[in-house]
Amino acid sequence: MNTPRLRDRVAAALVGARAAFRGSANAPAPAATTVPMTQQAPPMRWSMVRGTTTSGAAKELTPARIAAYLSAADRGDPRGFAELCQEIEDRDSHIVATLGVRKRAVANLKWTIKAASDSPQDRTIAEACERMIRASANLESAALDLLDAIPKGYAATEIQWGLRGGLVVPERFHYRPQQWLKPDPDDPEQWRVLDIADAVNGVPLWPRKWVLHLVRAKSGFPVQAGLGRVLAWWYLFKNYAIKDWVTYGEKFGSPLRVGKYPAGSHDTDIQLLETALEQLGVDAYAVVPKDMEIELKADSGSKTGADTFERLLIFANREISKLILGQTLTTEEGKSGSLALGAVHNDVRADLRDADAVELARTWTRDLVAPLVAFNWGPDMAVPEWVYDTEPPGDRQADATWQTSRAAVFQQALTLGIPVPLSQVREELEIREPAPGEKLLRPAAAVSAPGLGTPSPAAPAATESVADTALNGAQISSLLEILAKVSEGTLSPDGAVAVIRKSFPTVTENEAR
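Just so it is clear, the model here is predicted, and its values are computed rather than measured.

Cut-offs applied
- Residues numbered from 1 in each chain as written.
- Predicted model: local features only at pLDDT ≥ 70, side-chain atom pairs only at ≥ 80, totals over all residues.
- Heavy atoms only, no water.
- Helix = DSSP H or I, 4+ residues; strand = E, 2+ residues; numbered from the N terminus.
- Contact = heavy atoms within 4.5 Å.
- Areas by Shrake-Rupley, 256 points an atom, 1.4 Å probe, with all protein chains shown as cover.
- Buried < 20%, exposed > 50% of the residue type's maximum accessible area, 1.4 Å probe, protein only.
- Arc of directions from axis to C-beta.
- Expected span 1.5 Å × (residues − 1).
- Pairing = 2+ DSSP bridges.
- Axes fitted to C-alpha atoms, helices over the stretch in contact; angles between N-to-C directions.

Visitor: Please explain the overall build of the chain as it appears in this structure.
Guide: Secondary structure assignment for the chain yields 17 helices and ten strands. Sequence separation of 24 or more characterises 65% of the internal contacts of the chain that already satisfy a separation of 6 or more. Here the chain displays about 28600 Å² of accessible surface, and carbon together with sulfur accounts for 56% of that area.

What follows is the structure, encoded as structure tokens:
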């Protein structure tokens, strides 16, 4: 078998590389009505356009270099600033940990797709969208990638669309570094991706192909709205302090060794003393003549130079925590800190988390849910909404108590003959309209549980009408009181299941649980 010569193999590799480079440059942008199946911006490992390495933006950082990066970003070239932010996270453990806390506070939230209306069609579309999105390969990591816009002001992932069961689905999300993206020269709100076709200004992002997240941590255009512009300065101050502290430790980490020799000593004796002092720094012992003296002087006192550097670093870390989290007590151990103050400060951080969640949910709705609906059900269909659950668990118990009281109000209104709109009951008790053919609760009779008051009257005869089979106020009140008793611990779950099954014979044990 003939083995290809090295020259031929290199030539073949170059041909393949050129074809790969020309692929994205020559590929036309898909129309807004078509599904973009190919990747617009795959990595180019050996290219300066979309490479996978950084250029060392944080190396030998100075105030002048930071100012230059920020100025270039303001002029429409944020690549240096994006690389600087990335390398700062690579080098500073406090910054990367604190940013991770803020990102994961949103990424770990539960979410759902809320239907555009209560119509059966809109609910079906919302449920289908949620199933398809949850089945994607790396949704959680994509959320963290998008939340990287908090320090940099902008972040993007490229959607890989696919087909499953005749439907267009998001299979996975491809990470795209911020240094590959640039704002449009004529409109800083529009973004482009660097490409062989235009390595300076980039090419427009394909429609319905990208999830582009813009953060407003502060006012300004996207490249000015991230926290990285402030973090860069605090990183520089910390970097200077650490370098000075290391230098100080090299000089004064061990006691200053002072050798004294008698006047008129010979040069050989002086050299012997110098050798002894050097040995003290390495071996911690030395041999000198009796008439020579060695004195060790340590940096002592209540306030040493090391304390100054440490206080500066602590102050810088506290300022970074306040910048990212809005507080310090959940990340820093202060002299006057307390659990109560930490809880109050944690509420402040919850405000930031809720704001981040609202911004990210809008991004998911616009760039992922809307294209998904357009591809599968048409561009004229109402778009469901991505919603993060930011409600604390304690508030849900309060809501259950409030719903119980409202159910009692509705019951009293019915007793007095006051008409009660069914839509109001469903809205306040959070009970949606049943879908056609959906299995319903049809209680034959309501019984009282221990401590729940008198039994509820029997339910009306079941009919095909939803209004006729809906629970009356007393039955709803009894059911909510059962759930409240379980939450309070005064009724066991098994007891609650037994009460529900007796009240609603058509409910199975699994459904009751």
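Visitor: For this particular structure, what's the right way to read helix 6 (residues 139-146)?
Guide: Think of an α-helix as turning once every 3.6 residues; residues three or four places apart then point the same way. Burial in helix 6 covers these residues: Leu139, Ala142, Ala143 and Leu146. Buried residues of helix 6, viewed axially, fall in a sector of 105 degrees; they line one side.

Visitor: Quick question: what am I supposed to make of helix 5 (residues 120-134) here?
Guide: Here helix 5 is 15 residues long and its end C-alpha atoms lie 21 Å apart, about the 21 Å a rise of 1.5 Å per residue gives. For helix 5, the full list of buried residues reads Asp122, Arg123, Ile125, Ala126, Ala128, Cys129, Glu130, Met132 and Ile133.

Visitor: Please explain the environment of Leu163 as it appears in this structure.
Guide: Note on placement: Leu163 falls in strand 2 (residues 154-164). The spacing of Leu163 and Met37 is 126 residues in sequence and 9.5 Å in space, taken between C-alpha atoms.

Visitor: Help me out: how do you make sense of the environment of Val101 in this one?
Guide: Of note, Val101 is situated in helix 4 (residues 93-107). Accessibility expressed as a relative area gives 34% for Val101, which makes it partly exposed. Expressed as a C-alpha distance, the spacing of Val101 and Leu325, which sit 224 residues apart in the sequence, is 8.2 Å. Val101 has contacts with Leu325 and Arg349, leaving out every residue within four places of it along the chain.

Visitor: What exactly am I supposed to notice about the sheet that holds strand 3 (residues 167-176) here?
Guide: Two pairing modes exist for strands in a sheet, parallel and antiparallel, and in both the strands are linked by backbone hydrogen bonds. Strand order across the open sheet formed by three strands is 3-2-7, with antiparallel pairing between neighbours. Two strands bound the open sheet, and with one partner strand each, they are strand 3 and strand 7 (210-214). Neighbouring strand axes in the sheet, compared pairwise and without regard to direction, differ in orientation by 30 degrees on average. Of the pairings in the sheet, the one linking strand 2 to strand 7 comprises five bridges and is antiparallel in character. Note on strand 7: the bridge partner recorded for Ala155 is His213. Lying over the sheet, helix 6 contacts strand 2, strand 3 and strand 7, oriented at roughly 155 degrees with respect to strand 2.

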